[in-house]
Protein chains: 2
Amino acid sequence: MESALRTDISSNNGVGDGGFLAACRERRLWLCSAAERLRCTVVGFAGKLGKIARDDPRRVAHSLKVGLALTLVSVLYYTPLFNGWGETTIWAVITVVMVMEFTVGATLSKGLCRVLGTLAAGLVGVGAHLVADLCGGKGEAILLAVFLFIAASAATFSRFIPEVKERYDYAMAIFILTFSLVTVSSYRDDPEDLIELAHERITTILVGVAICLFTTFFVFPIWAGEDLHELAAGNLDSLAEFLEGMGSECFGENSSCENLEGKAFLQLYKSVLNSKAKEDSLITFAKWEPIHGKFRFRHPWNQYQKLGALCRQCASSMEALASFIITLKKAQYPEANPELYLKIRATCTVMSLDSAKALRELSLTVRTMTGPSPINNDVSKGTKASSDFRAELSEDVALLQVIHVAIVASLLSDIVIQIEGITESTNSLARLARFKNPAERSQSSNVVINIEE
Amino acid sequence: MESALRTDISSNNGVGDGGFLAACRERRLWLCSAAERLRCTVVGFAGKLGKIARDDPRRVAHSLKVGLALTLVSVLYYTPLFNGWGETTIWAVITVVMVMEFTVGATLSKGLCRVLGTLAAGLVGVGAHLVADLCGGKGEAILLAVFLFIAASAATFSRFIPEVKERYDYAMAIFILTFSLVTVSSYRDDPEDLIELAHERITTILVGVAICLFTTFFVFPIWAGEDLHELAAGNLDSLAEFLEGMGSECFGENSSCENLEGKAFLQLYKSVLNSKAKEDSLITFAKWEPIHGKFRFRHPWNQYQKLGALCRQCASSMEALASFIITLKKAQYPEANPELYLKIRATCTVMSLDSAKALRELSLTVRTMTGPSPINNDVSKGTKASSDFRAELSEDVALLQVIHVAIVASLLSDIVIQIEGITESTNSLARLARFKNPAERSQSSNVVINIEE
């Protein structure tokens with residue numbers, strides 16, 4: 001058969017024996033390389049999954065917990081105990097899928113929202129049904145549709161109120177859902193069926209929420225409060241590491257403040273700058289969580305928001321410092337006024353290292369939850385260096401004033417350089433999105449003027 | 001009766017006639033003030049709702065659209081056409097409640113995710129059912145539970161993959177939900193019923209998604225792409241306004257860079273700094289949207305992310321500049337070296353006003369989608385001033401070097417001051433959360449040392 005194939009190929013393409021072998025080799029190579037590519041893709045994907053799991057092993061725990069909770073619900077469904085429920089059991093399944101979240105606080109908040117939303121909508125829905133019943137016939141259907149329109153619009157609008165959005169967004173969604181279901185069903189079923197249905201639905205939802213809460217609380221609980229606490233300590237550590245890097249790489253004995261672009265420590269503030277969204281959601285969820293571990297009743301969760309805001313402001317100043325330092329190229333000019341230079345440099349070393357030490361101490365305070373005592377001394381050391389520096393400069397009034405305007409001018413000229421980047425970026429947006437030609441704009445504005453004339 | 005009450009009160013409390021009148025007056029006052037308080041609360045709440053609506057009238061439109069879509073679904077339910085469907089119609093209602101989002105892109109993405117997730121889970125679920133069917137009896141139930149556990153865990157874990165999380169998070173949730181429902185139902189129903197059920201479910205979900213898409217596309221559509229475009233232009237305007245404020249309030253002829261704390265223009269960069277989360281979600285949704293208005297096929301949505309990142313970096317530098325300027329109190333020292341001072345000041349005026357002009361032009365470019373042409377000249381004016389300033393300074397080598405280290409030291413000493421704020425904030429956290437006494441910590445660490453010894 002191979003020989004037949006050979007003849008076929010050679011007669012078709014006029015390729016000789018050597019060409020056939022080469023084609024075979026090529027095909028084998030292609031198959032090998034395809035297999036290799038596939039292997040690489042699979043290995044790469046597995047590596048990516050492994051990294052996601054290693055980065056936070058609680059992700060694996062959460063996945064298994066969702067599987068466990070759903071299996072528990074389905075086992076309940078199989079048992080004869082719940083045989084009478086029939087179709088409504090699906091509400092327990094839907095509840096588990098929708099309510100199971102990563103942290104205890106999020107699960108608790110969604111579970112409570114689901115129960116509250118269902119209860120409220122059930123009550124309002126039955127009320128609307130009774131009112132509509134008075135009309136009877138076609139009037140009932142029309143009235144129910146009007147009620148549905150009003151309730152759904154009002155509830156949707158209420159989700160734009162910040163307080164509702166923060167804590168009861170899901171409850172409002174469930175309110176709309178349940179109210180719609182009650183109104184739609186109530187048109188066909190008689191009231192007794194409706195109450196039976198409502199009772200079954202609420203019971204199944206309660207069973208679903210109970211299973212979720214059981215799984216979240218008792219199987220490897222993941223607390224939003226702990227994550228938030230860890231985030232605060234981590235932010236303090238990042239800021240400290242930046243200052244330690246400054247102290248050693250920039251003001252160290254054998255180091256100079258140049259060619260620092262690309263250094264890892266100069267990127268550390270970025271994670272702090274981007275921590276706001278995560279922090280906000282963790283605070284919302286932490287407030288729902290009961291006492292656990294080291295967190296007592298009425299733990300001051302809002303305080304983490306204030307601390308986070310201050311850390312981000314500090315990170316912003318670090319960004320300005322980093323972007324200024326990157327542009328420094330001291331080698332361009334010879335050393336002059338070495339005395340003052342060395343003095344300021346020493347001040348900088350004290351400021352950065354002592355501040356870093358203070359931040360490390362603060363992060364330890366947060367991590368161990370042990371009150372701060374030796375911190376104040378350290379900070380005042382850094383503060384003292386800073387105010388000494390200011391005092392010393394202010395002796396030379398002329399120099400001080402020039403330095404102040406020069407700092408403003410230098411920061412402004414940094415902004416000017418950044419705006420060049422913004423301009424380039426906008427230009428490439430204009431090119432990629434094929435914005436109109438400016439000539440057209442001026443023409444069209446001329447047209448407007450002509451019309452006005 | 002009043003007299004009886006009077007006697008009663010006076011006998012009880014021994015309060016005379018005047019006391020009774022005073023009590024009446026007090027009660028009337030209390031009622032009045034309660035009514036007044038209620039009125040104030042209602043008026044305040046109505047005002048708040050009015051403000052939410054006025055801030056973005058599209059919120060009202062969206063609320064009415066949700067009401068409309070749900071009413072449409074319920075009308076479908078009332079019509080004889082869908083009478084045969086019975087219970088499955090609730091899926092159309094659930095779909096509308098869950099899929100209707102504020103923007104077209106978000107609704108489209110959720111609708112597609114819902115359809116995709118349902119289809120995939122339906123196929124996998126029926127396959128799992130066929131495999132489990134081979135075992136029969138108790139084995140089937142156990143196998144189905146095992147399949148459910150594995151599928152739910154795997155799908156939940158996949159939601160941690162960033163690419164999946166960004167675009168297919170909702171599809172994964174729907175996959176888990178549908179797969180659970182199929183497995184749980186398939187234990188009781190025979191296969192033919194199951195396929196009938198799957199068919200009905202998919203049809204109702206398609207009807208629900210169709211109603212959502214009809215309402216979002218044709219009734220007052222709200223485009224994520226337009227919001228994103230507007231956000232980019234607004235960010236450029238905020239940056240420009242900051243620089244215009246600097247130019248007039250700080251370097252203007254009759255103004256001085258002092259006592260600027262609390263000025264509105266110094267807060268403008270904050271909205272830019274906090275725009276990342278909104279921008280990211282708008283970009284995700286804009287990518288789902290079809291061609292509309294001025295946005296063609298393959299509009300470069302990712303470019304907005306780059307532009308946004310540059311704007312936020314610029315805002316960060318502005319924050320550093322603002323926090324430096326607020327601390328300036330020029331009046332503390334007399335003017336010295338007026339020549340250099342005036343020169344730098346003039347440079348600052350040119351830099352800030354020309355950069356502001358360039359930014360305004362860029363924002364106009366984005367808003368009108370008309371290519372940039374006169375921008376480059378303006379920027380180069382600001383850039384020229386900036387490089388002139390640097391060149392002029394570099395002539396005085398000694399001064400330049402001192403200024404450079406002084407800038408670093410000054411930025412660092414800003415950071416030191418911010419760290420004092422962080423320390424205070426951590427201390428109040430420690431106080432409010434009642435952290436342990438430091439003595440306890442040193443005791444416990446001593447214990448560890450003793451054990452190690």
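Rules of the game
- Residues numbered from 1 in each chain as written.
- Chains lettered and ligands numbered in written order.
- Predicted model: local features only at pLDDT ≥ 70, side-chain atom pairs only at ≥ 80, totals over all residues.
- Heavy atoms only, no water.
- UniProt positions renumbered as here; feature names shortened; annotations may be inferred.
- Helix = DSSP H or I, 4+ residues; strand = E, 2+ residues; numbered from the N terminus.
- pLDDT = per-residue confidence, 0-100.
- Contact = heavy atoms within 4.5 Å.
- Domains from an automatic or database assignment.
- Buried area = accessible area lost by both parts, 1.4 Å probe.
- Salt bridge = Lys/Arg side-chain N within 4 Å of Asp/Glu carboxyl O.
- Polar contact = N/O pair within 3.5 Å; in protein donor to acceptor, adjacent residues only side chain to side chain.
- Nonpolar A, V, L, I, M, F, W, Y, C, P; charged D, E, K, R; others polar.
- Phe/Tyr/Trp six-rings, centres within 6.5 Å; stacked < 30°, edge-to-face > 60°.
- Buried < 20%, exposed > 50% of the residue type's maximum accessible area, 1.4 Å probe, protein only.
- Lys NZ or Arg CZ within 6 Å of the ring centre and 35° of its normal.

- The name an unreviewed UniProt entry gives chain A is Aluminum-activated malate transporter, with Digitaria exilis as the organism.
- Taken directly from UniProt, the Subcellular location (unreviewed entry) text for chain A runs: "Membrane".
- UniProt lists a comment for chain A under the heading Sequence similarities (unreviewed entry), and it reads "Belongs to the aromatic acid exporter (TC 2.A.85) family."

### Some details on the UniProt feature "transmembrane region" (unreviewed entry) in chain A
Residue and element names in this part refer to chain A.
So, point 1. Sequence positions flagged by UniProt for "transmembrane region" (unreviewed entry) are, in local numbering, residues 60-78, 90-108, 115-135, 141-161, 168-187 and 202-224.
So, point 2. Helix makes up 79% of residues 90-108 and strand 0%, and the two end C-alpha atoms of the span are 21 Å apart.
So, point 3. With 90% helix and 0% strand, residues 115-135 has end C-alpha atoms that lie 31 Å from one another.

### Topic: the confidence of the model for chain A
Residue and element names in this part refer to chain A.
So, point 1. Per-residue pLDDT for chain A averages 80, and the proportion of residues at 70 or more is 81%.
So, point 2. The low-confidence segment residues 443-453 (pLDDT under 50) makes zero contacts with residues lying over four places distant or belonging to another chain.
So, point 3. Predicted complex metrics record ipTM = 0.81 and pTM = 0.81.

### Re the domain arrangement of chain A
All names here are of chain A.
So, point 1. In terms of domain boundaries, chain A breaks down into domain 1 (57-218) and domain 2 (224-435).
So, point 2. Counting residues at the interface gives 12 residues for domain 1, matched by eight residues for domain 2.
So, point 3. Both faces considered, domain 1 and domain 2 share a buried interface measuring about 950 Å² in area, 63% of it formed by carbon and sulfur atoms.
So, point 4. Ranking the residues of domain 1 by area buried against domain 2 places Thr103, Glu166 and Arg167 at the top, with a combined share of 40%.

### Describing the interface of chain A and chain B
So, point 1. With 152 residues of chain A at the contact, the number on the chain B side is 152 residues.
So, point 2. Regarding the contact of chain A and chain B, the summed buried area is about 14200 Å², with carbon and sulfur atoms giving 74% of it.
So, point 3. The tally of links between chain A and chain B comes to two salt bridges.
So, point 4. Our count for the contact surface shared by chain A and chain B stands at 15 residue pairs in polar contact (both at pLDDT 80 or more).
So, point 5. With 34 residues, helix 15 (residues 397-432) of chain A is the single largest residue contributor to the side of chain A that touches chain B.
So, point 6. Class assignment for the residues of the side of chain A that touches chain B results in 93 nonpolar, 42 polar and 17 charged.

### Let's talk about the packing of aromatic side chains
All names here are of chain A.
So, point 1. Per the counting criterion, the structure on display carries 22 aromatic pairs over all chains.
So, point 2. Here Phe217 and Phe218 contribute two aromatic rings whose centre-to-centre distance is 6.4 Å and whose plane-to-plane angle is 50°, an arrangement assigned as tilted.
So, point 3. Overall, Phe218 belongs to the exposed group, its relative accessible area being 63%.
So, point 4. Taken together, the ring pairs in this structure connect Phe214, Phe217, Phe218 and Trp223 into an aromatic cluster.
So, point 5. Taking NZ or CZ as reference, Arg167 lies 4.8 Å from the ring centre of Trp288, over its face.
So, point 6. The ring of Trp91 has Arg201 sitting right over it, with the charged end atom 3.9 Å from the ring centre.

### Quick word on the side chain of Gln303 of chain B
So, point 1. With respect to the secondary-structure elements, Gln303 of chain B resides in helix 12 (residues 301-326).
So, point 2. The exposure class of Gln303 of chain B is buried, given its relative accessible area of 7%.
So, point 3. Reaching out from Gln303 of chain B, the side chain makes a polar contact with the side chain of Ser428 of chain A at a distance of 2.9 Å.
So, point 4. Sequence-distant contacts of Gln303 of chain B, that is, excluding residues within four places in its chain, are made with Ser425, Ser428, Leu429 and Leu432 of chain A.

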